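Secondary and tertiary structure notes
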Amino acid sequence: MLKPIYNGFFAAIWFACVYVAPAAIASVSAEHDYEQALQAFQRQEQQAAYIHLKNVLQQTPDHIPAKVLMGKVLLEKGYFEEATTEFEEALYKGADIELMLTELANSYLFAGKYQQVLKLGEQYKLSNNSLFEWHLLAAAASLNLDNIDNARAHFISASALQPDSIRLLNSQVALLLKEKRLKDAELLLDRALSIQSDNPQSLQLQGELLQLQGQLLKAQDYFEKAVLLSPQDPVLRRALLRNYVSQYKTEQAEQTLQQILLQSPGDPYALLLAAWLSSLKENHQQSEQHTELLSAKLWQLSKAQIESQPSLLFSRALLSYVAQNYEKARGDLVSYNQLVPADLNAVSILIDVYIRQGDNSLAIQLAERHLEQLNTAPELAKRLVTLYINSNRAYKAEQLITSLRLQFPANVDFAILHAAVLKQMDQADKARAVIAQEVLQHSDNMLLRINQALLALDNNNYTQALQLADQLLAAEPNNTGYLNFKAATLIKSGKAEQAYAVVQNVLKQQPDHIAAQFNLARLEIDRQNYAQAISLLKPLASRHKQHKATATLLALAYFRAEQYNDAEVVLQNTLASGSYAPATELLFDLYFTTQRYEPALALVEQGLKSAFMDEILLWKKARLLLLLNQPEKVNNVLPLLSDLVDTDPEKLLKLALMQREINDLPASGLSLQEAITLAPSTLLLQLELANHYLITADINAADVLLKKMAVSYPKNANVTMLRGDLALAEQNESSALALYQQALKQDPQFRLAWVKLYQIAKAGKDGHAFDTLALQALKQTADNHWLRRLLAEHYVNAAKPTEAIEQYQLLLDANQYTNDAAVYNNLANLHLASDIDVALEHAEKALQLAPKQAFTLDTYGWVLAKKGQYQQAVATLRQANALNATNPSIQFHIAYTLVKLQRPAEANTMLGQLLANFAEFPERVAAEQLLAELSKAAI
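Bear in mind that the values here come from a model prediction, so they are computed numbers and not experimental data.

The next thing to look at is the overall build of the chain. Within the chain one finds 55 helices and 0 strands. Within the span of the chain, comprising 939 residues, buried residues form 46% of the whole. Counted over contacts in the chain with a minimum sequence separation of 6, partners at least 24 positions apart contribute 51%. Summed over its atoms, the accessible surface of the chain is roughly 46400 Å², and 51% of this surface lies on carbon and sulfur atoms.

Written out as structure tokens, the structure is:
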């Protein structure tokens, strides 16, 4: 029987597959170090494991199994933050959460990141065993958040999965202790200890119970027993330490504390305990030393010095401001403003700090407190108008600018700001009129002429904008600003080549012209010259950190170049200082493209806070919730969309399909009916309604509608195919086959009809009809490569390796699917029984194309094992398991290889777990035989 073959082909009918760029398999030395680290870890020799893993990661930083194991080692050593980093990086690189769920969640718990624990179960699809673990950990996180109801809900869910678990009992005891229900806790603890009297967690909980009852000495006994049984568990030592401190047993407490600090020397909680203990012993100097490790060194100015000499505070603020340490500058300027509120210079600087930190509302509040002084401070007045414009407070801006223009009628800057306010109020015509009037009075003012040109450009009047640009250039032919404006206008009008020449001219005259470099980068991105764009934008973004457009364009270049990590860092930094819609939109696209739906959803939720009925955002939210497998939450969004799209048949169809995805079929049917009422003659709507009747098994309604459609559209392949679906629903397989074949005569390229026939054949019903029809079609259109691929898959299902190989080879000979890892992977498996060398050749090619996919690593490792290259095989199979820890075939392959490596104990453990966890998998019989052989050999 053929080994089951990876089949990503059918998903490609509906979804596009993206593979990670090729990377080399880890070196032999690195893999040797990894195996040594794994064995050391299993012997609880954490330092040795750490050294080996450091060697691995120095040679191959992306070695996923090593990163996962490093996380576990660091967790055992008490380095919780470092462990979390390793786990999160491994996940980002594609590791399977199943390998590290418990450890990652525990590292979050130790670090106090309780919300992160709760998110784990929402972000990942978990096996039942892992789901049970997560519910217990989520309950612990909920208890730490004082959310008793949520903790109880998680316990109920966990109980449904494993009702007799000792860990579940312990967790329920923790909840009862939290609720101070000591009697109930005592009963449950008795039950837990009767099942396993030496369980460290049960003993710890017994100690906690006794401590709550005031029996500190008895509690100490249980804590000490728990620590003796599990000396590496920092939670147990912390509990014991608290008990010693409660009894003022400072000597024992200090010894325990030193052991905690050895386990986790950088743990802030442990340092705080050290300061606490030192203070108990009245060792103030040592207490101070520990406290300094937790907080930054304080400035030395006293309050009295500041109040007597405010200028010292202002000077210190200025030093911080110049050093771009805006947080310190802000604190000092706020204090200075309270002492010297009339200093407008300080006010102006503080407003600038607020703006740089994205706190425009605070900047406005501060400026408004000095409204009466603005007539003597026009620059500050302009700043406030600009703030109003940027924060969409057009009404206030209009009031202020009108007043200012009356006071400063000859101030051209205020006229330009007035135009900006009018433009924001959707009065672009009035804005242009203001500028035009000013141009008549100040025809030599180039700033006015530039704004006139900009308003023309904003109005998409490219002809006028270019004319005005040429007028400006007539006066100053070599003015790089005017040249760059012309280039920007040419870019917007779609004249990229002309723009490129103008930009090059600007940079020839002034190589460091910022706006020209920006425009050149835009053009390079359009030309797909991403490396050139990045080299232009990186220094620009570094020098002009507050210019969000430059940073966002740099992120776009990274994004287009598929350098997603770099793009994300730039966008996160850009948004950290305040909102910027283009950056937010690009960050969403990045998360969506890289299938990171949870952070994408967070962005959407953030947008909905200010626009809760935004249709685009609601569609995005619904789609993301579907991708996150949260249909009940989708159901909360769709009614909002229903109210927004009830007059648009196209959007009603989109809504109906989404309702179908969450299995809300009644609502889907209603949406389709509403759409058809609005557009009764639309064929697509009729097809989807017929499909809806079939899905809901409303055979009569489907029959009536399809008969009408067959009359109206007698040669439509979609209608004929649906009639085939109806025949299949009526269990009339011969009619269904005939109708599918008729649909293919109407449209020989109709892929969905071919898939229907393929699925009938896969079910073991008339497979000969499918291959006969497919071969006939391929004789007529030999270049129908998609169909040939489908035929090859059919031969795989029919256990016809020779025929499957022939079809795959014809595809490769035609230079088709040559970059498809699944094709080579399948060929490797097909050749495995007959020609191991050819199998290896195909497996290597598949791995080259998809180096970080579990299915290619598994096949390559299995071929190596069959060739007798066991050491390299087990290394490769470990990497496959790191990416997919719930695939029983991979685990069997590892166990088989461990046997060949003369490591029967490890293989025995793995096979036992494998057979216990998976009732059915292709290699189960082989796994049982191998385990029996190992057991027999051990006797």
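The next subject is the environment of Ala667. Locating Ala667 in the fold gives a position in helix H40 (residues 665–678). Put simply, Ala667 and Ala656 are 11 residues apart on the chain and 7.2 Å apart in space, counted from C-alpha to C-alpha.

Here the focus is helix H12 (residues 200–212). Its 13 residues place the ends of H12 18 Å apart at the C-alpha level, agreeing with the 18 Å of an ideal helix rising 1.5 Å per residue. Along H12, 10 of the 13 residues are buried, which leaves the element largely enclosed by surrounding structure. Residues Pro200, Ser202, Leu203, Gln204, Leu205, Gln206, Gly207, Glu208, Leu209 and Leu210 constitute the buried set of H12. In this structure, the buried side of H12 is in contact with helix H10 (166–178), helix H11 (182–195), helix H13 (216–229) and helix H14 (234–246). Sitting at the amino-terminal end of H12 is Asn199, which places a side-chain oxygen 3.1 Å from the backbone nitrogen of Gln201.

Phi angles above zero are rare outside glycine, and Gln595 is one such case at about 60 degrees. Position of Gln595 among the secondary structure elements: in the loop between helix H35 (581–593) and helix H36 (597–610).

Judged by nonpolar contacts, the single largest core of 87 residues is most densely connected at Leu638 and Leu641. A per-element tally of this core places helix H33 (residues 548–560) first, with 8 residues. In this structure, Ala30, Leu118, Ala839 and Ala895 belong to the second largest nonpolar core, which totals 75 residues.

Our next topic: the packing of helix H43 (residues 717–729) against helix H44 (residues 733–746). H44 packs onto H43 with a crossing angle of 170 degrees between their chain directions and a minimal axis gap of 8 Å. On the basis of the axis angle, H43 is roughly antiparallel to H44. The segment H43 lies against H44, with Ala717, Thr720, Met721, Arg723, Gly724, Asp725, Ala727 and Leu728 engaging Glu733, Ser735, Ala736, Leu739, Tyr740, Gln742, Ala743 and Gln746. Among the residues forming the contact of H43 with H44, the class breakdown is 8 nonpolar, 5 polar and 3 charged.

Below, the discussion takes up the packing of aromatic side chains. Considering all chains together, one arrives at 9 aromatic pairs under this definition. Clustering of aromatic rings is evident, with ring pairs tying together Phe588, Phe592 and Tyr597.

UniProt's entry tags residues 200–233 and 717–750 with the feature "repeat: TPR" (unreviewed entry), counted in the numbering of this structure. As a span, residues 200–233 carries 79% helix and 0% strand, and end to end its C-alpha atoms are 9 Å apart.

Okay, the confidence of the model for the chain next. The predicted model of the chain averages 83 in pLDDT, with 90% of residues at 70 or higher. Between residues 1–26, whose pLDDT stays under 50, and residues either more than four places distant or in other chains, the model counts 49 contacts. Contacts for the low-pLDDT stretch residues 283–302, under 50 throughout, to residues beyond four places or in other chains number 22 contacts.

Here the focus is helix H55 (residues 924–938). Between its first and last C-alpha atoms H55 spans 21 Å; for 15 residues at 1.5 Å apiece the expected length is 21 Å, and the two agree. Among the residues of H55, those classed as buried are Ala927, Leu930 and Leu934. Projected down its long axis, H55 shows its buried positions confined to an angular sector of 65 degrees, all on one face. Structural note: H55 exposes Val925, Glu933 and Lys936 on the side pointing more than 90 degrees away from its buried face. On its buried face, H55 is in contact with helix H53 (888–900) and helix H54 (904–917).

Let us now look at the pattern of salt bridges. Close approach of charged atoms allows side chains with opposite charge to pair. Counted according to the given criterion, the structure contains 33 salt bridges. When the shortest N-O distance is used, the salt bridge between Lys93 and Asp62 registers 2.8 Å. Here Lys93, found in the loop between helix H5 (80–92) and helix H6 (101–110), pairs with Asp62, found in the loop between helix H3 (46–59) and helix H4 (64–76); they are 31 residues apart in sequence, far enough to count as distant. The class for Lys93 is partly exposed, based on a relative accessible area of 26%.

Moving on to the side chain of Gln807. Note on placement: Gln807 falls in helix H48 (residues 801–813). Once residues within four sequence positions are removed from consideration, Gln807 is found in contact with Leu775, Leu778, Arg788, Leu791, Ala792 and Tyr795.

Another aspect to go through is the side chain of Gln630. Following the sequence through the fold, Gln630 ends up in the loop between helix H37 (615–627) and helix H38 (631–644). Those residues within four positions of Gln630 in sequence are excluded, and the remaining contacts are Glu122, Glu598 and Leu625.

The topology assignment puts Leu641 in helix H38. Judged by its relative accessible area of 0%, Leu641 falls in the buried class. Considering only alpha carbons, one finds Leu641 and Glu615, 26 residues apart in sequence, at a separation of 6.8 Å. Those residues in contact with Leu641 that sit more than four places away from it in its chain are Glu615, Leu618, Trp619, Ala622 and Leu655.

Attention now moves to the packing of helix H21 (residues 344–356) against helix H23 (residues 378–390). One way to put it is that H21 packs onto H23 with a least axis distance of 11 Å and a crossing angle of 25 degrees. Judged on the interaxial angle alone, H23 and H21 are roughly parallel. As H21 runs across H23, the sense of the crossing is left-handed. Residues Leu344, Val347, Ser348, Ile351, Asp352 and Ile355 of H21 form the contact with H23, whose participating residues are Leu380, Arg383 and Leu387.

Here Gln563 shows up in the loop between H33 and helix H34 (564–576). Those residues in contact with Gln563 that lie beyond four places of it in its chain are Ile534 and Tyr558.

Conventions we followed
- Residues numbered from 1 in each chain as written.
- Predicted model: local features only at pLDDT ≥ 70, side-chain atom pairs only at ≥ 80, totals over all residues.
- Heavy atoms only, no water.
- Helix = DSSP H or I, 4+ residues; strand = E, 2+ residues; numbered from the N terminus.
- Buried < 20%, exposed > 50% of the residue type's maximum accessible area, 1.4 Å probe, protein only.
- Contact = heavy atoms within 4.5 Å.
- Areas by Shrake-Rupley, 256 points an atom, 1.4 Å probe, with all protein chains shown as cover.
- Expected span 1.5 Å × (residues − 1).
- Polar contact = N/O pair within 3.5 Å; in protein donor to acceptor, adjacent residues only side chain to side chain.
- Core = buried A, V, L, I, M, F, W, Y, C linked by side-chain atoms within 4.5 Å.
- Axes fitted to C-alpha atoms, helices over the stretch in contact; angles between N-to-C directions.
- Parallel < 35°, antiparallel > 145°, perpendicular 65-115°, else oblique.
- Nonpolar A, V, L, I, M, F, W, Y, C, P; charged D, E, K, R; others polar.
- Phe/Tyr/Trp six-rings, centres within 6.5 Å; stacked < 30°, edge-to-face > 60°.
- UniProt positions renumbered as here; feature names shortened; annotations may be inferred.
- pLDDT = per-residue confidence, 0-100.
- Arc of directions from axis to C-beta.
- Salt bridge = Lys/Arg side-chain N within 4 Å of Asp/Glu carboxyl O.
- Left-handed = near helix turned anticlockwise from the far one by under 90°.

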